[in-house]
Amino acid sequence: MNKKKKPFLGMPAPLGYVPGLGRGATGFTTRSDIGPARDANDPVDDRHAPPGKRTVGDQMKKNQTADDDDEDLNDTNYDEFNGYAGSLFSSGPYEKDDEEADAIYAALDKRMDERRKERREQREKEEIEKYRMERPKIQQQFSDLKRKLAEVTEEEWLSIPEVGDARNKRQRNPRYEKLTPVPDSFFAKHLQSGENHTSVDPRQTQFGGLNTPYPGGLNTPYPGGMTPGLMTPGTGELDMRKIGQARNTLMDMRLSQVSDSVSGQTVVDPKGYLTDLNSMIPTHGGDINDIKKARLLLKSVRETNPHHPPAWIASARLEEVTGKLQVARNLIMKGTEMCPKSEDVWLEAARLQPGDTAKAVVAQAVRHLPQSVRIYIRAAELETDIRAKKRVLRKALEHVPNSVRLWKAAVELEEPEDARIMLSRAVECCPTSVELWLALARLETYENARKVLNKARENIPTDRHIWITAAKLEEANGNTQMVEKIIDRAITSLRANGVEINREQWIQDAEECDKAGSVATCQAIMRAVIGIGIEEEDRKHTWMEDADSCVAHNALECARAIYAYALQVFPSKKSVWLRAAYFEKNHGTRESLEALLQRAVAHCPKAEVLWLMGAKSKWLAGDVPAARSILALAFQANPNSEEIWLAAVKLESENNEYERARRLLAKARSSAPTARVFMKSVKLEWVLGNIAAAQELCEEALKHYEDFPKLWMMKGQIEEQKELVEKAREAYNQGLKKCPHSIPLWLLLSRLEEKVGQLTRARAILEKSRLKNPKNPDLWLESVRLEYRAGLKNIANTLMAKALQECPNSGILWSEAIFLEARPQRKTKSVDALKKCEHDPHVLLAVAKLFWSERKITKAREWFHRTVKIDSDLGDAWAFFYKFELQHGTEEQQEEIFPRVLSCAVLLLLLVAVLSRGRRCSIARILRQYRAVIFHELQNLVSRAGLALPGASPGLGVLLGWMQP
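Residues numbered from 1 in each chain as written. Predicted model: local features only at pLDDT ≥ 70, side-chain atom pairs only at ≥ 80, totals over all residues. Heavy atoms only, no water.

- In the nomenclature of an unreviewed UniProt entry, the protein is known as Pre-mRNA-processing factor 6 of Junco hyemalis.

Take a look at the structure:
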């Protein structure tokens, strides 16, 4: 038997085994295919698992026992009648007595349920039947018809017509009726011919008159509003002349109604009276209902509490808004009778009453409220004569002598001498008013003002304005040495009296003193409070921010005081000296700048920029020997500084001392050889026409600095100037091997090939450059322009599309793409460019030029302004802007732009003038041949701009600074 037994019986099936798959029996589904007939959330039937891992049986009993132990004995689970929702004794043992008790309770529940079962089922059945009678099912509603369908024959069924649209064409396609309004001339024509109209528009007779858009219409409660003869009852004639008369009568009444005001003068706006009427008088039924409700509510409030002032004021204002001014006056006067001690009610009554009546109301108010300051002020405002105003205010001061507001109003009406006398009495009555003390001090003499301020400090020891006024007084009388002492004493005294020194408030006071011209006072305040409440590590940062804030508020002396104090605390900080120097350069004088720089180089001798700023200031003032001496001192402090060497060379070349410049460059090459020093040497010799010396220096420089791309550029340009194309090409190629990421070198080589007619080679060079330097917009722009110059616009457009895909945020590419499009598509392209580069100056300039080409002058000027505001160093923007103003601007607009473009405009015009003659020459040759003309023109332009140009003789020195790379 064991031999015949199959070896696979009793063994688990292999993985992926499907019964019957081998013989093709896969067309049925068994329980094993769809899984067990058990929900996924049911417990796993692992009764045969080890005892410790069972989830049913004894293990579940343990879990249930553990769950039962957790009884909810919270107060929220307790009811006074039923007790706890659970069983209090569930944790105890379940005995036989408990089982018998549960069985008895269950039998009772079953018995009670059987007794009520019949009645409950009967009641449910009746309710269902009643519901079905009220709301039968659709099936029940059509049951009789469905039964009759059994009697329908087959012929009758087939003869039933198809459902279609039985409406005619007009009903299927309704058209709205066109109504054309008939002009008044049509009615007038037929009326003159004797025709009578037996009917009128129902809208005209609905309210007994014309339904006009004006509030109230012709059917008004005023006499004459419904003009006799307008609607003749017998005939129904419509007289157009009488309609016009009635309209004029209505408008006259409305104008008369709104012409009455509080002051007795007309308040009619001749241009917007209809709008005023519509805003004052509600035109909708909902608004009228709201007003009626408001009237009822306010009436109820007045009757319930007649001594409540806001109720009377609100009622009067409601009537005023609805146009019933007299009703409002009557209400508010009744309010003054019911609330005679209310200041607000009397003031409202005075406001609503006209002219003399208002004065009488105020007089009556004064009798009831003799201590009210506001009523006295209102009485003075109602008077038109200055003497009457003075009389009212003096009478008020007799009753209320301690009112600062009354004293100020009275003093403002007096002459200076009388005002001083009144203020003397005012400070006695109001000794705590700082404004009165300061006003009295301003009117007194120097000695008396000091006494007044001393008394003010005694009466008000906690106010800083008295101390500041005292310091300003001393400064105004030339006693500046007392200013510092007064401010220091003020800080000490205020602290002694428990006043917290608020640094921001004192700085604001210092700025006000600066604007008032009290320089010593503002500087003393800054020195006294600048260090209060600041951590030691935050002092420098905070003080620099304070200085910038003062400059932004145009408080220059305050900023100067902050810098001076900061330099005392940080004498060796180069950054602080630089900030102070730039401040003096922008807002100070040349003398103050030079004095500051002398102190700066004494404390920071290694700061090259401070030495250079001092030398440049002397040179701009025309003191060349002093500039040389400063640079000599800078050499002693910084013997191998490249910047100082080049500054000395520039100084000599600017003043036509070319031999001195050569000697300085030779010393620099020997003592501090750098790539820039060699480049300046080559450049000087090249500009002066010494081509051989320039080539020799360039070759020497390339032996030491072969990775400096500008030397290779200069070498190639020199060879190109000598018309040696092969050597120039070789120089550029050698430079690109050493500096493959130098974009200007790639551009120079491609332009060289283009100039000699090798367009294919130039194109290949630019493609190679783009591979070496991906995502570079300058290279893409040159490629596009190369194709455009060759007349291949289609290729240029294709390249531009690729360029914008690789550099989507390049402003120069978008600006070029705008003008590559045809004129109708340029506007759309400009919109796309602005979405990508909203704040790019090149895109803004292109948009400005686009508006200019479309003759939209105002928009073009606006966009030019935006361009130069974003980037003031973009020369193209200034050049185009200046050309635009020359064509379309006034002389003032041209003068505004002219100083900023004077240099580039003259050079551009000169270059264009030379090149337009058909001559091909380099810029260096143009500058060398026309240097006298250029210098003369620049002198004229600079004199017009109000600047100073150093040097008295023509030379190339003025151009060397511009030609620096």
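Looking at the overall build of the protein
Then comes step 1: Looking only at helices and strands, the protein features 52 helices and two strands.
Then comes step 2: Counting only contacts in the protein whose residues sit at least 6 apart along the sequence, the fraction spanning at least 24 positions is 49%.
Then comes step 3: On the protein, roughly 61100 Å² of surface is accessible, and the fraction owed to carbon and sulfur atoms is 52%. (Helix = DSSP H or I, 4+ residues; strand = E, 2+ residues; numbered from the N terminus. Contact = heavy atoms within 4.5 Å. Areas by Shrake-Rupley, 256 points an atom, 1.4 Å probe, with all protein chains shown as cover.)

Focus on the environment of N402
Then comes step 1: Within the secondary structure, N402 sits in the loop between α18 (386–399) and α19 (404–412).
Then comes step 2: Classification of N402 as exposed rests on a relative accessible area of 55%.
Then comes step 3: Measuring from C-alpha to C-alpha, the distance between N402 and E428 comes to 9.1 Å, with 26 residues separating the pair along the chain.
Then comes step 4: With residues near it in sequence (within four places) discarded, N402 still touches C429 and C430. (Buried < 20%, exposed > 50% of the residue type's maximum accessible area, 1.4 Å probe, protein only.)

A word on the pattern of salt bridges
Then comes step 1: As enumerated under the stated definition, the model contains 45 salt bridges in all.
Then comes step 2: Close ionic contact of R539 with E536 constitutes a salt bridge, the shortest N to O distance being 3.8 Å.
Then comes step 3: For R539, a relative accessible area of 23% corresponds to the partly exposed category.
Then comes step 4: Taking relative accessible area as the criterion, E536 reaches 57% and is therefore assigned exposed.
Then comes step 5: Where R729 meets E753, a salt bridge forms, and the shortest distance between an N and an O atom there is 2.4 Å. Taken as a pair, R729 in helix α38 (residues 725–738) and E753 in helix α39 (residues 743–755) lie far apart in primary sequence, 24 residues in all.
Then comes step 6: On the basis of relative accessibility, which here comes to 11%, the residue R729 falls in the buried class.
Then comes step 7: Through salt bridges with shared partners, a single ionic network connects R317, E320, E348 and R351. (Salt bridge = Lys/Arg side-chain N within 4 Å of Asp/Glu carboxyl O.)

Comments concerning the environment of H541
Then comes step 1: Note on placement: H541 falls in helix α27 (residues 539–552).
Then comes step 2: You can call H541 exposed: its relative accessible area is 53%.
Then comes step 3: In this structure the C-alpha to C-alpha distance between H541 and V576, which are 35 residues apart in sequence, comes to 10.0 Å.

Observations concerning the side chain of S403
Then comes step 1: You can see S403 is positioned in the loop between α18 and α19.
Then comes step 2: Dropping the residues within four chain positions of it, S403 is found in contact with V373 and C430.

Description of the packing of aromatic side chains
Then comes step 1: Throughout the structure, instances matching the rule amount to nine aromatic pairs.
Then comes step 2: When the ring of W543 is compared with that of F570, the centres are 6.0 Å apart and the planes differ by 55°; the resulting orientation is tilted. Of this pair, W543 sits in helix α27 while F570 sits in the loop between α28 (556–569) and α29 (574–587), and the two are 27 residues apart along the sequence.
Then comes step 3: Here W543 falls in the buried class, since its relative accessible area comes to 2%. (Phe/Tyr/Trp six-rings, centres within 6.5 Å; stacked < 30°, edge-to-face > 60°.)

Quick word on helix α46 (residues 857–870)
Then comes step 1: A rise of 1.5 Å per residue sets the reference length of α46, with its 14 residues, at 20 Å; its end C-alpha atoms lie 20 Å apart and thus fit the reference within 8%.
Then comes step 2: Within α46 the residues assigned to the buried category are A860, R861, W863, F864, T867 and V868. Taken down its axis, α46 places every buried residue within 165° of arc, on the same side. Along α46, exposed side chains directed more than 90 degrees from the buried face belong to T858 and K869. (Expected span 1.5 Å × (residues − 1). Arc of directions from axis to C-beta.)

Description of the nonpolar core
Then comes step 1: Counting 129 residues, the largest nonpolar core has L406, W506, M526 and L610 as the members making the most contacts within it.
Then comes step 2: Apart from residues lying up to four places away in sequence, L406 is in contact with V373, Y376, I377, L393, A396, L397 and V400.
Then comes step 3: Judged by nonpolar contacts, the second largest core, of 34 residues, contains L813, V843, F864 and F884. (Core = buried A, V, L, I, M, F, W, Y, C linked by side-chain atoms within 4.5 Å.)

Concerning the packing of α27 against α28
Then comes step 1: The contact between α27 and α28 brings their axes to 8 Å, and the two run at 160°. One finds that α27 runs roughly antiparallel with respect to α28. Considering how the two elements wind past one another, α27 and α28 form a crossing that is left-handed. Where α27 abuts α28, its residues R539, W543, M544, D546, A547, D548, C550 and V551 lie against C558, A559, I562, Y563, Y565, A566 and V569.
Then comes step 2: For the contact of α27 with α28, the class distribution of residues is 12 nonpolar, no polar and three charged. (Axes fitted to C-alpha atoms, helices over the stretch in contact; angles between N-to-C directions. Parallel < 35°, antiparallel > 145°, perpendicular 65-115°, else oblique. Left-handed = near helix turned anticlockwise from the far one by under 90°. Nonpolar A, V, L, I, M, F, W, Y, C, P; charged D, E, K, R; others polar.)

Digging into a positive patch on the surface
Then comes step 1: A cluster of basic residues, R111, R115, R116, R119 and R123, forms a positive patch on the protein surface.
Then comes step 2: According to the relative accessible area criterion, R115 is exposed, its value standing at 57%. (Patch = residues over 30% accessible without salt bridge, like charges linked within 9 Å, V, L, I, M, F, W, Y side chains within 5 Å. Lys, Arg positive; Asp, Glu negative; His and termini not counted. Charge placed at Lys NZ, Arg CZ, Asp CG, Glu CD.)

What about the state of the cysteines?
Then comes step 1: Across all of its chains, the model carries zero disulfides by this definition.
Then comes step 2: Unpaired in terms of disulfides, C429 finds its nearest cysteine sulfur in C430, a separation of 6.0 Å.
Then comes step 3: What makes C430 buried here is its relative accessible area of 4%. (Disulfide = S-S within 2.5 Å.)

Structural notes on the confidence of the model for the protein
Then comes step 1: Summarising the model, the protein shows a mean pLDDT of 76, and 73% of its residues fall at 70 or more.
Then comes step 2: Throughout residues 280–286 the model reports pLDDT below 50, and contacts reaching past four residues in sequence, or to other chains, amount to 10 contacts.
Then comes step 3: Confidence drops under a pLDDT of 50 for residues 941–965, and excluding neighbours within four residues, the segment shows 63 contacts in the predicted structure. (pLDDT = per-residue confidence, 0-100.)

Quick look at a negative patch on the surface
Then comes step 1: A cluster of acidic side chains, namely E95, D97, D98, E99, E100 and D102, defines a negative patch on the protein surface.
Then comes step 2: Of note, E100 is situated in helix α3 (residues 96–134).

A closer look at unusual backbone geometry
Then comes step 1: Here E723, not a glycine, exhibits a phi torsion of approximately 65°, which is positive.
Then comes step 2: Of note, E723 is situated in the loop between α37 (709–721) and α38.
Then comes step 3: The class for E723 is exposed, based on a relative accessible area of 67%.
Then comes step 4: With a phi angle near 65°, R855 is a residue other than glycine that sits in the positive phi range.
Then comes step 5: As for its placement among the helices and strands, R855 is situated in the loop between α45 (841–853) and α46.

Things to note about helix α23 (residues 464–476)
Then comes step 1: Taking 1.5 Å of rise per residue, the 13 residues of α23 would be expected to cover 18 Å, and the 18 Å separating its terminal C-alpha atoms lies within 8% of that figure.
Then comes step 2: Looking at α23, one finds that the buried residues are R464, I466, W467, I468, A470, A471, L473, E474 and E475.
Then comes step 3: Tucked inside the fold, the buried residues of α23 contact α21 (434–443), α22 (446–459), α24 (481–496), α25 (503–516) and α26 (519–529).
Then comes step 4: Capping of α23 at its N-terminal end is provided by D463; its side-chain oxygen lies 2.9 Å from the backbone amide nitrogen of H465. (Polar contact = N/O pair within 3.5 Å; in protein donor to acceptor, adjacent residues only side chain to side chain.)

Here's the deal with the packing of helix α44 (residues 826–836) against α45
Then comes step 1: Between α44 and α45, the least distance of the axes is 10 Å, while the angle of their chain directions is 155°. In terms of axis orientation, α44 runs roughly antiparallel to α45. Seen from above, α44 lies across α45 with left-handed handedness. Here R826, K827, S830, A833 and L834 of α44 come into contact with α45, specifically with V843, L844, V847 and L850.
Then comes step 2: When its residues are assigned to classes, the contact of α44 with α45 shows six nonpolar, one polar and two charged.

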